[in-house]
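# Summary of the model geometry
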Amino acid sequence: MGHKVLIVEDEIKIASLVESFLQTEGYDCLTATDGNAALQLFAKHKPDIVLLDWMLPQMNGLDICRQLRQIGSPGIIMVTAKSEEADKIVGLEMGADDYLTKPFSLRELSARIRSLLRRMNRSEHDGSGNVLRRGDLTIHEDSLQVFKGTEELHLTPTEFRILHLLASRPGRVYSRMQLLQHAFEEEFVVDERTVDSHISKLRKKIESENRTFDYIQTVYGFGYRFGAEHEN
């Protein structure tokens, strides 16, 4: 059985075209035309990937994305007619892993789904079972889990890959492009500035209000590093 893809799209012709194409690519497809139906299908079938249109009736894609992140950890690709960078960053901050701007080619859609699945499954392929302990964070490479003390944090696949790379080499500085190439594996996926959005979201999840040092530190004019003072 192939990976499951939930297509959330209210334009029937587009949804049908995408579904037919992805089925020929070997994916098992589910389709919803509104947010409530999408959330119900997700709860019942637990798809691996959600292809989520931004503009939907009753409940928009951003609200659906936020709720999906509260109940699961699928790979989410936001589909939008909005081409402005600020709009795309909003989508990423709400928990999307990637985005496509309409109109898009089916070949590009397929490439982005494959790239996202690789990011989600890479640790299983590595089979290393490594566990990183940094400060009060415990990062499980094999299961893609992160704990802050005893509390499990819910990271997106992209957030996990960025955090794992930084935490693997405390003190080393990574440029935005290096982080994106590691997280996305495809050069065409995003503009390098969008890494700032992922870092911002990641910081909110892992940092403590009364911290002495930041886990993720900004190196102005270049990129980011994981604080060496957190190395155990």
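Residues numbered from 1 in each chain as written. Predicted model: local features only at pLDDT ≥ 70, side-chain atom pairs only at ≥ 80, totals over all residues. Heavy atoms only, no water.

### Some thoughts on the sheet that holds strand β3 (residues 49-53)
The strands making up a sheet are joined through hydrogen bonds of the backbone, oriented either antiparallel or parallel. The test is simple: Any two strands with at least two DSSP bridges between them are considered paired. Runs of E in the DSSP output that reach at least two residues are strands. Runs of H or I that reach at least four are helices, and both are numbered from the N terminus. Whenever a helix is involved, its axis is fitted only over the stretch in contact; in every case the axis is a line through C-alpha atoms, and angles between N-to-C directions fall within 0 to 180 degrees.
Pairing within the open sheet is parallel, and its 5 strands lie in the order β2-β1-β3-β4-β5. With one partner strand each, in any of the chains shown, β2 (28-32) and β5 (98-101) form the two edges of the open sheet. Each adjacent strand pair in this sheet contributes to an overall mean axis angle of 20°, direction not counted. The pairing of strand β1 (residues 4-8) with β3 spans 4 bridges and is parallel. Paired with isoleucine 7 across the bridge in β3 is leucine 51.

### Points about the UniProt feature "modified residue: 4-aspartylphosphate" (unreviewed entry) in the protein
Filter applied, for reference: UniProt positions are given in the numbering used here, feature names are shortened, and annotations may be inferred rather than shown by experiment. Only protein chains enter the area calculation, which uses a 1.4 Å probe; residues under 20% of their type maximum are buried, those over 50% are exposed, and those in between are partly exposed. A contact between two residues is defined here by any heavy atoms of the two lying within 4.5 Å.
UniProt's feature table lists "modified residue: 4-aspartylphosphate" (unreviewed entry) at Asp53, given in the numbering used throughout. Locating aspartate 53 in the fold gives a position in strand β3. The class for aspartate 53 is buried, based on a relative accessible area of 4%. If sequence neighbours within four positions are ignored, aspartate 53 has contacts with Val8, Glu9, Asp10, Gly61, Met78, Val79 and Lys102.

### With respect to the sheet that holds strand β11 (residues 216-219)
An order of β10-β12-β11 is seen for the 3 strands of this open sheet, with the pairing classed as antiparallel. Each edge of the open sheet is held by one strand with a lone partner, namely β10 (173-175) and β11. Each strand axis lies, on average, 35° off the axis of its neighbour in the sheet, ignoring direction. Where β11 lies against strand β12 (residues 223-226), 4 bridges are found, and the strand directions are antiparallel. Each residue of the ladder has a partner; that of valine 219, found in β12, is glycine 223. Lying on the sheet, helix α6 (residues 157-168) is in contact with β10, β11 and β12; it crosses β12 at an angle near 65°. Sheet contacts for helix α8 (residues 195-206): β11 and β12; angle to β11, the most-contacted strand, approximately 145°.

### A word on the packing of aromatic side chains
To keep it simple, the criterion reads: Between 30 and 60 degrees the pair is tilted, below 30 it is stacked and above 60 it is edge-to-face, where a pair is any two Phe, Tyr or Trp rings, Trp via its six-membered ring, whose centres lie within 6.5 Å.
What the rule picks out here adds up to 1 aromatic pair. The interplanar angle of 35° and the centroid separation of 5.5 Å between the aromatic rings of tyrosine 215 and phenylalanine 226 together place this pair among those described as tilted. Note that tyrosine 215 is positioned in the loop between α8 and β11 and phenylalanine 226 in strand β12, a separation of 11 residues in sequence.

### Structural notes on the nonpolar core
What counts is decided by this rule: Nonpolar cores are built from buried Ala, Val, Leu, Ile, Met, Phe, Trp, Tyr and Cys residues. Side-chain atoms within 4.5 Å join them into one set.
One finds Val146, Ile162, Leu163, Leu166, Leu179, Ile206 and Ile216 to be the most contacted residues of the largest nonpolar core, which totals 25 residues. For this core, the secondary-structure elements that each account for two or more residues are β7 (137-140), α6, α7 (176-184), α8 and β12. Considering every element that reaches this core, the biggest residue donor is α6, with 6 residues. Setting aside residues up to four positions removed in sequence, leucine 163 forms contacts with Ile139, Val146, Leu155, Leu202, Ile206 and Phe226. Counting 21 residues, the second-largest nonpolar core is a separate cluster that includes Val8, Leu30, Met59 and Leu68.

### With respect to the side chain of threonine 138
The residue threonine 138 is located in strand β7 in this model. Residue class for threonine 138 comes out buried when judged on its relative accessible area of 17%. Contact partners of threonine 138, with chain neighbours within four places excluded, come to Val131, Leu132, Arg133, Gln145, Val146 and Phe147.

### Some remarks on the confidence of the model for the protein
Definition in use: pLDDT is a residue-level measure of predictor confidence that goes from 0 to 100.
Per-chain confidence: the protein averages 83 in pLDDT, with 85% of residues scoring 70 or above. Note on residues 123-128: pLDDT under 50 across the span, and 7 contacts to partners over four residues away in sequence or across chains.

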